[in-house]
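Secondary and tertiary structure notes
The residues making up each chain are set out below.
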Amino acid sequence: MHGCKISLNDDMKALRGYPILSHGPFNNPQQYRKFSASQDLFLVGPTETQLSILQELLQRCARKREPLEGKACHGRIVRFGLQTDTLTSNMLINMYSKCGFVDVARIVFDEMPVRSSVSWSTMIGSYTRIGDKEEAVGLFKQMQREGAEVDGFTVAGVLCACAAKLAMFECKQLHAFALKTATHSNAFVGTALLGVYARSGFTGDACQVFESMPERSDVTWSSMIVGYVQNELYEEALKLFRESQKMGVEDNQFTMSSALSACAGLAALIEGKQMHATILKCGFDSNIFVASTLIDMYARCGIVEEAYIVFSSVEDKNVVVWNTMISGFSRHARSMEAMISFEKMQQMGMCPNEVTYVAMLSACAHKGLVEKGRRYFELMAKEHNLSPNVFHYSCMVDVLGRAGLIHEAKGLMDKMPFEATASMWGSLLASCRVHGNIKVAEVAATHLFEIEPDNAGNHVLLSDTYAAKKRWAEVIRARKFLKESEAKKERGKSWIEVKDQVHTFNVGERSHPRIVEICSRLEDLLQEMEKLDYRVDTKHDLHDVEELRKQELLRHHSEKLALTYGLMSLPPNVPIRIMKNLRICGDCHSFMKLASNITGREITVRDTNRFHHFKNGFCSCGEFW
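Anyway, here's the lowdown on the structure attached to this text. Given the structure is predicted, the values throughout are model-derived calculations rather than measurements.

**Things to note about the packing of aromatic side chains**
- Counted under the stated rule, the structure contains 13 aromatic pairs.
- Grouped by ring-pair contacts, the aromatic residues Tyr-308, Phe-311, Trp-322 and Phe-329 constitute a single cluster.
- Just above the ring of Phe-109 sits the side chain of Arg-115; from NZ or CZ to the centre is 4.5 Å.
- Between the NZ or CZ atom of Arg-375 and the centre of the ring of Tyr-376, over which it lies, the distance is 4.8 Å.

Here it is as structure tokens:
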């Protein structure tokens, strides 16, 4: 019977001659106990063939999640006294847990006269699936008290339960236990361990576990790559991905998506395109999970048009794919395209969710569309019954703050049903710097100093707010406070990819092998701009120094050096893409606009907030950033 297709009804007919269970399915544990106690367990049982049919039925019920037929089989098993058979009881536990009846599975488990390691592993796995860490750990302890043999599958199951709750204390205890019992070499245990360490930010420990594993599955490699990406260690993720390919590890959707995410994080377009080719070759392009990550990669690398091509090629788009594309449009200040997509997805029968509205509010913030932002914020609850969460309030604070409505933004934060986050206060402080509101800036900075004591950027923002108003005494005080706090300021840098190599520049760069040539070419470009009345805008350098010194500091900002190197190294008419770790300053923004006009190049600059596309002397942001 194993070699042909047979339905559940056919299998039930094969058991003809044995009494049909008249009690119906068990609706609760008490019903099962009453039924079990009332049965004559010493009736003559079925033949070996019919037992095999019952067991196969249980396995099918588990696979197809069909509890009614599974319970009917259980009735026959109890009637013939087969629940004492360990293998059959294990199948019952598996069937009930897969069908969502974990409490009944536990009754079957508790009443087993003899339990195997599979029994324990299956029951612990049941609790892991429903996220019940306490029951999983409690059962594991009971297992040890009863002297049951512990194998790698059991340890891995408990680890997964603890990992889901990020219970690091228990995970470390289990790691020690695995070392003591020599189960740490088990691939399932090792993968679970490195997964929880990576998710908790202990990438060094995760890497040690990974390196010590004698055997690694494709899931193990995927888990380590995912761990690096989750901790924003993108270069390490790509390096490990390349190593996995050299080792002949089979690619899967998780590995591909993680590698693409690493490319997106680094804005490594060439690597991303190579990944795209591999995906097409392996046939993963039809996978929704991979497709959405591919869309995100192109959008984050500055080519939203290519992202849209991938988006258009996806046949069965789900809400994740739509959200990824809308977020891509938002990131590139393509608010009109984002709004059109928002309407179109609903026409296609997709209901916007919380992520959709975050993307839409962000699109409004980047274009100063205050009324549109207010409408979307209200639309969430009225049209789609969604309660705004902390991310939506954060976006709305950004919408109002960027438009100069500082007090309205502060009022919204005061009225919302939860505590303001560092992101909200940071957005408000940045808006105060732009619009010169020192009073609210001081309030926002006070909260940020408490929430993020090690973030030097908050001190710098407050200092720059004072400097913009030429309140140098407060600037000195803010800078002194920064120095005493020992918080480290992130140094501004820009990077550009040329011929498969990434070239990084800092302000006042001197270490690049072609720096003399770069500076000379930059001076020539500045002189050409000065003929068109360009002057270094020193109001964007907020140091209390002489005018000539301010000009010198601004002339060699990192993005200007990166652009100059791109002009020197890339063929004519090839777009130049620059990535930056801080917000682009006003002078560099003006410089890029004029450079795009003089050189005839398309220039894209990605800073921490958004993409700026410069072409023919204009920027896609419309001077709003």
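**Concerning the packing of helix H6 (residues 102-110) against helix H7 (residues 117-129)**
- Close contact between H6 and H7 brings their axes to 10 Å; oriented N to C, the two are set at 160°. Compared by their axis directions, H6 and H7 come out roughly antiparallel. In this structure, H6 crosses over H7, and the sense of that crossing is left-handed. Counting all contacts with H6, which are made through Val-102, Ala-105, Arg-106 and Phe-109, the residues of H7 involved are Ser-119, Trp-120, Met-123, Ser-126 and Tyr-127.

**Focus: the pattern of salt bridges**
- Applying the stated criterion to the full structure yields 22 salt bridges.
- Ionic pairing is found between Arg-115 and Glu-146, a salt bridge with its closest N-O pair at 3.3 Å. Here Glu-146 lies in the loop between helix H8 (133-145) and helix H9 (152-164) and Arg-115 lies in the loop between H6 and H7, a separation of 31 residues in the sequence.
- Assessed through its relative accessible area of 24%, Arg-115 is described here as partly exposed.
- Residues Glu-408 and Arg-374 are paired through a salt bridge, measuring 2.7 Å at the closest nitrogen-oxygen approach. Taken as a pair, Glu-408 in helix H24 (residues 406-415) and Arg-374 in helix H22 (residues 370-384) lie far apart in primary sequence, 34 residues in all.
- Glu-408 gets classed as partly exposed once you look at its relative accessible area, which sits at 35%.
- Since its relative accessible area comes to 23%, Arg-374 is described here as partly exposed.
- Here the salt bridges do not stand alone but share partners, grouping Arg-106, Asp-110 and Glu-135 into one network.

**Concerning the sheet that holds strand E1 (residues 493-498)**
- Pairing within the open sheet is mixed, and its 6 strands lie in the order E2-E1-E3-E4-E5-E6. Taken across any chain shown, the strands that pair with only one partner, and hence form the sheet edges, are strand E2 (501-506) and strand E6 (618-619).
- Here strand E4 (residues 603-606) runs beside strand E5 (residues 611-615); their pairing, made up of 4 bridges, is antiparallel. When the sheet's bridge partners are listed, Ile-603 is paired in E5 with Phe-614.

**Some details on the environment of Asp-454**
- Inspection of the secondary structure assignment puts Asp-454 in the loop between helix H26 (438-451) and helix H27 (456-468).
- Sequence-wise, Asp-454 and Ser-485 are 31 residues apart; in three dimensions their C-alpha atoms are separated by 7.6 Å.
- Among residues more than four places away in sequence, those in contact with Asp-454 are Ala-487 and Lys-488.

**Section: the nonpolar core**
- In terms of nonpolar packing, the biggest core is built from 142 residues, with Phe-140, Tyr-376 and Leu-428 touching the most fellow members.
- Excluding its chain neighbours within four sequence positions, the residues that come into contact with Phe-140 are Ile-124, Val-150, Thr-154, Val-155, Val-158, Leu-174 and Phe-177.
- Counting residues in each nonpolar core, the second largest holds 33 residues, with Val-498, Leu-563, Ile-584 and Phe-591 among its members.

**A closer look at H6**
- Where burial is concerned, most of H6 is hidden: 7 out of the 9 residues are buried.
- Taken as a whole, H6 has its buried residues at Val-102, Val-104, Ala-105, Arg-106, Ile-107, Val-108 and Phe-109.

**Quick word on the packing of helix H25 (residues 422-435) against H27**
- Here H25 crosses H27 at 25°, and the two axes come no closer than 9 Å. With respect to each other, H25 and H27 are oriented roughly parallel. At the point where H25 passes H27, the crossing takes the left-handed sense. On the side of H25, the interface is formed by Gly-426, Leu-429, Ala-430, Cys-432 and Arg-433, while H27 contributes Asn-458, Leu-461, Leu-462, Asp-464 and Thr-465.
- Here the contact of H25 with H27 is composed, by residue class, of 5 nonpolar, 3 polar and 2 charged.

**What about the pairing of E5?**
- Connecting E4 to the next strand, E5, in antiparallel fashion are 4 residues.
- Judged from the 2 bridges that link them, E5 and E6 form a sheet pairing that is antiparallel. Of the residues in E6, the one forming a bridge with Phe-614 is Cys-619.
- Connecting E5 to the next strand, E6, in antiparallel fashion are 2 residues, including Asn-616 with a positive phi near 55°.

**Let's talk about unusual backbone geometry**
- For Arg-65, which is not glycine, the phi torsion reads 55° and is therefore positive.
- With respect to the element layout, Arg-65 can be found in the loop between helix H3 (48-64) and helix H4 (67-79).
- Judged by relative accessible area, Arg-65 falls into the partly exposed class, the value being 46%.
- Phi angles above zero are rare outside glycine, and Glu-232 is one such case at about 60°.
- For Glu-232, the position within the fold is in the loop between helix H13 (218-230) and helix H14 (234-246).

**A few points about the side chain of Asp-607**
- Residue placement: Asp-607 occurs in the loop between E4 and E5.
- In this structure, Asp-607 is buried with no salt-bridge partner, the nearest side chain bearing the opposite charge being Arg-583 at 5.5 Å.
- Engagement of the side chain of Asp-607 in a polar contact is seen with the backbone nitrogen of Ile-584, the distance being 3.2 Å.
- Reaching out from Asp-607, the side chain makes a polar contact with the backbone nitrogen of Arg-610 at a distance of 2.8 Å.

So, how was this worked out
Along each chain, numbering runs from 1 in the same order as the chain's sequence is written. At least 70 in pLDDT is required for a residue's local features to be given in this predicted model, at least 80 for side-chain atom pairs to be given and counted, and no such filter applies to totals for whole chains, interfaces and linings, which use all residues. Hydrogens are left out, water is left out, and the side-chain values use all remaining heavy atoms of the structure. Pairing of aromatic rings covers Phe, Tyr and Trp, the last through its six-membered ring, and needs centres within 6.5 Å; plane angles under 30 degrees mean stacked, over 60 mean edge-to-face, and all others mean tilted. Whether a charge sits over a ring depends on NZ of Lys or CZ of Arg being within 6 Å of the ring centre and within 35 degrees of the ring normal. Axes, fitted as lines to C-alpha atoms, cover a helix only where it is in contact. Angles between the N-to-C directions of the axes lie from 0 to 180 degrees. Each helix is a run of DSSP H or I of at least 4 residues and each strand a run of E of at least 2, with the numbering of both proceeding from the N terminus. Angles are sorted into four bins: roughly parallel if under 35 degrees, roughly antiparallel if over 145, roughly perpendicular if 65 to 115, and oblique for all others. Note on convention: the crossing is left-handed when the near helix lies turned anticlockwise from the far helix by less than a right angle, right-handed when the turn is clockwise. By the convention used here, residues are in contact when the closest approach between their heavy atoms is within 4.5 Å. Think of a salt bridge as a Lys or Arg side-chain nitrogen and an Asp or Glu carboxyl oxygen that are within 4 Å of each other. Partly exposed residues are those whose accessible area sits between 20% and 50% of the maximum for their type, while under 20% is buried and over 50% is exposed, using a 1.4 Å probe and protein chains only. Should DSSP find at least two bridges between two strands, the strands are taken to pair. The set of buried Ala, Val, Leu, Ile, Met, Phe, Trp, Tyr and Cys residues whose side-chain atoms join them within 4.5 Å is what this entry labels a nonpolar core. Gly is put with the polar residues, along with every residue not named as nonpolar or charged; the nonpolar set is Ala, Val, Leu, Ile, Met, Phe, Trp, Tyr, Cys and Pro, and the charged set is Asp, Glu, Lys and Arg. The charged-residue count follows a simple rule in which Lys and Arg add positive charge and Asp and Glu add negative charge, with His and chain termini not counted at all. N or O atoms closer than or at 3.5 Å make up a polar contact, with two conditions inside protein: a donor-capable atom paired with an acceptor-capable one, and, for residues adjacent in sequence, both atoms drawn from side chains.

Remember that the coordinates give geometry; whether it matters functionally is a separate question.
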